[in-house]
Amino acid sequence: MMDISVEQNDALTELINIGVGHAASTLNCLINHTIRLTVPTVEFLSIDKIRHNPPIGDGDGISSVSMSFHGDFDGNASLMFPLVSARTLVAVLTGEEPDSAELDDLRSGTLAEVGNILLNGVMGSLSNMLASTLDYSVPIYQEVPVQDLLGHQEAEAVLIARANFYIDELCIEGNILLFFELGSFQSLIYSINKELMA
Amino acid sequence: MNNLGHRQSDLVKADQFPLLDHIGSGILAINRDGTIVLWNNNMEQWTKRPRQQVLNKNLFELFPNTAADVFKLRIDQVLKGGAPVIFSAQLHHHLIACPLAHGEFRAQLVTVSWLQEQRIALFTIQDQTEQLRLIEQYKTSAQLLKSELDQRLDLEKKNMQLAAAIDQAGEAVIITDVHGQIEYTNQTFTDQTGWDTDEIRGRVFYETLFEGSTDGFSQQLKLSLEAEEAWVDRHDIVRKNGTGFIASVSIAPIRNVEGDVTHHIIIQEDISQQVSLEEKMRNTQKQEALITLIGGIAHDFNNLLAGLVGQIYLASREVAHLPKTAERMKKVQATTQEASEIVAQLLTFARQGEHHAKEFSLKPFINEFVKLAQHSVPENIRFTSSFEPGAVNFRGDAGQLQQSLLNIIHNAVEACKEIDAAHIEIKLTPFNSSEHNDLLKKYPVLRHGNFAHVLIRDNGKGMPESMLDRIFDPFFTTKQLGSGLGLAMVMGCIRNHHGIIDVESRLGRGSCFHLFLPVLMPEKTAAIAHDQQSNRSANILLVDDDNRVLEPTKELLECMGHHVTLATDGRAACEIFEGKYDHWDILITDIVMPHMDGVAASKQMRKLRPDLPVIYATGYDQSLVTEETRNLDNTILISKPFNPDDLDGLIGRMVK
């Protein structure tokens, strides 16, 4: 099920990189720092594998922005950061002290917007390039244990893209997870194949 | 206004969503070309614009900041059916300008979503002004708190440093309340007195530490404290175990910011060692004064004796045919000799006597001494000796040292009279610093160099402490017939050998003398070989500034068959010598003389006659002769008064 060809994987990586690139230019417009975003790896895994071996450390919980999508393929898109990385990212973007308690409130708004931009970039790139029509829910920001977040997902396949945020000298690693519901993964592959043939 | 192109069906009337007027968020909606089609009650209140004024108007024209790229590009994505976008209050503060008092605007979290069915973009605006204000307020408070905390930590750090400094200070520190009741003491105080802070807290310091002081003193101190005056003095402090020590004590009031005295601080420095050093210094000065006085008297006395000996010698020859008179002259000669010996002891005390230094091992020396001293110790007193192994080579005057030890033994014998099971022991050991910490404190010089330790202990009647300071003073004696010179001579001898003498004694428990003698590596002993004695007549240049010595000595030497020429100082002697420098067989000269001293004169003469034998005859300070001069070839140092026969023998050996 999760076997995709090298070409399919390359195509997906490119689509996600394009989306991330758009997101980076949007982010650059709204903050005073030069931000660079890269997605070095993209891979598909089963939800069970992800639950057994979460892609992200679960020390103090994670910070995530999620939104669901429906249409030609259904699922959920999430951006996940370890809490420490989320705090650092917000501190850099807002100029606050990274360990100040007042950031707890700042974090939700700022990370929701950053996550929104990044997920919109990725999902926009996917839907545009694959000529798919998708509806989206409003993004939700949460700080929860990673297992809580993965627990209620009913996905056939999960696409994991590790995203590196380079802000000034700082590199912050986040994870973009696209959970595809039953049948949606096949629809995605089908769309990619169509695109590749075109 | 750019609302002409929209279709009527695109317009959404606010009354289609009556519920929107009853929720806490601002809600507005625009159609694809930006025309506002929905404006709820909250938006009316926040913007102070009724919906009649904004509906059908273009959002981007009505609120120009929304047309900025940072908003417009993302809103356009939504209008094209893209995913919802969020504008956070933290990154943008607000999207729609909703003025507040003081020229501020309402902070907003805005979510823009596309409603496909209605074909509108719905803006949900949450007011985050209060949240941001609280955050700001919290930040200010936190900053203030942090600053206060930093200051407090800084203060605590300084206080801790101060407390550590006080606790670890070299002086004892006591803090009392205004009545003198102890509240705090530091570690040094505990070390000094044996009192822990907890034990002594609450006690009045002058009643506890100055125990035994007169009531008048305590009263005076109390008055000083009440008068808030500083007080500095030396005072005896009583330790917890009842022993005492002398301390320099300073008491000062501690005032609070209002200037009121709340406490007193007492700094207490143990100055026992300093006082002991001062005492030692006073004793040394006293000894030095005695040395100078006795040295001067002995010098004059020696010159007189020298004249006397010469005259007696001559008179004895002249009365050789009168046996009775000759016998009396012999007795006079013997008495003169005794007088010489007393002067010799005085000179030893004054470190000016004749000093015949040579290298010898202390162990056989003490062994021999024990055999000799045995004769002076009565049979009812047990006299023992012991030795510990170790090289104990010593350079010094064996005769002086033997006499010194004998003097101590004589005193021990005296102390052991009428004592049952009396015992005198003499012991020779290498000095072991680890066994004598008390002595190291008293004589720090013992830390350096090697010392042999000669110990002479008796179990006799001992001495009271008050006597110990005086026993080395000349003429101090407790014996009816004592000269008071025995221990003075011992002191002079040991000092002359750069050693240390110490005595411990307790009344009824006996005394113990410690002699610390510097041990030297074996040295080559310079020896002047004078093998053969010649009886030939010598041409002698005799130099002395004292006619009482000069004339009789001249006669004496002439009696012995020598030719004598006189000079009264070094300069005159040089002039006489230079006239016919080959003529002289020997120079006999005093050392201390006006114009030119004997040493300088002999040096000048030896420029012409390097082999000239020289005898320095001095009734004064042998230390004035440097080691260099002392070691010159063919040079001898003798003390006045000299034995005529010995002098003749010396001349015979030196003149070849």
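Residues numbered from 1 in each chain as written. Chains lettered and ligands numbered in written order. Predicted model: local features only at pLDDT ≥ 70, side-chain atom pairs only at ≥ 80, totals over all residues. Heavy atoms only, no water.

1. Notes on the interface of chain B and chain A
In this complex, chain B contributes 20 residues to the contact, which on the side of chain A involves 23 residues. Between chain B and chain A lies a buried interface of about 1800 Å² when both sides are counted; carbon and sulfur atoms form 65% of it. Here chain B is connected to chain A by 1 salt bridge. The partner of A:Glu113 in a salt bridge is B:Arg74, with the nearest N and O atoms 2.9 Å apart. The interface formed by chain B and chain A contains 7 residue pairs in polar contact (both at pLDDT 80 or more). Only helix 4 (69-79), strand 3 (85-87), helix 5 (89-92), strand 4 (108-115) and helix 6 (129-167) of chain B provide two or more residues apiece to the side of chain B that touches chain A. Among the elements that take part in the side of chain B that touches chain A, helix 6 of chain B stands out by supplying 5 residues, more than any other. Class assignment of the residues belonging to the side of chain B that touches chain A gives a composition of 10 nonpolar, 8 polar and 2 charged. (Contact = heavy atoms within 4.5 Å. Buried area = accessible area lost by both parts, 1.4 Å probe. Salt bridge = Lys/Arg side-chain N within 4 Å of Asp/Glu carboxyl O. Polar contact = N/O pair within 3.5 Å; in protein donor to acceptor, adjacent residues only side chain to side chain. Helix = DSSP H or I, 4+ residues; strand = E, 2+ residues; numbered from the N terminus. Nonpolar A, V, L, I, M, F, W, Y, C, P; charged D, E, K, R; others polar.)

2. Some remarks on helix 3 (residues 83-94) of chain A
Residue and element names in this part refer to chain A. Between its first and last C-alpha, helix 3 extends 16 Å over 12 residues, near the 16 Å set by a 1.5 Å rise per residue. For helix 3, every residue scored as buried is listed here: Leu83, Ser85, Ala86, Leu89, Val90, Ala91, Val92 and Leu93. Where helix 3 terminates, the next one or two residues include Gly95, which has phi positive at roughly 80°. (Expected span 1.5 Å × (residues − 1). Buried < 20%, exposed > 50% of the residue type's maximum accessible area, 1.4 Å probe, protein only.)

3. Brief notes about the layout of surface pockets
All names here are of chain B. Roughly 1500 Å³ of internal volume is contained in the second largest pocket. Lining of the second largest pocket is provided by 36 residues; of these, Ser276, Lys280, Lys442, Tyr443 and Asp502 occupy positions nearest its centre. Mapped by element, the contributors of at least two residues to the lining of the second largest pocket are helix 11 (272-318), helix 15 (437-442), helix 16 (465-468), helix 17 (486-496) and strand 16 (500-506). Top element by residues in the lining of the second largest pocket is helix 11. It accounts for 10 residues. Its residues placed into classes, the lining of the second largest pocket shows 12 nonpolar, 10 polar and 14 charged. (1 Å grid on protein atoms, 1.4 Å probe; cavity = no way out; pocket = protein on both sides within 12 Å on 5 of 7 lines; lining within 4 Å. Points joined across faces, edges and corners; volume = space filled by probe spheres on them.)

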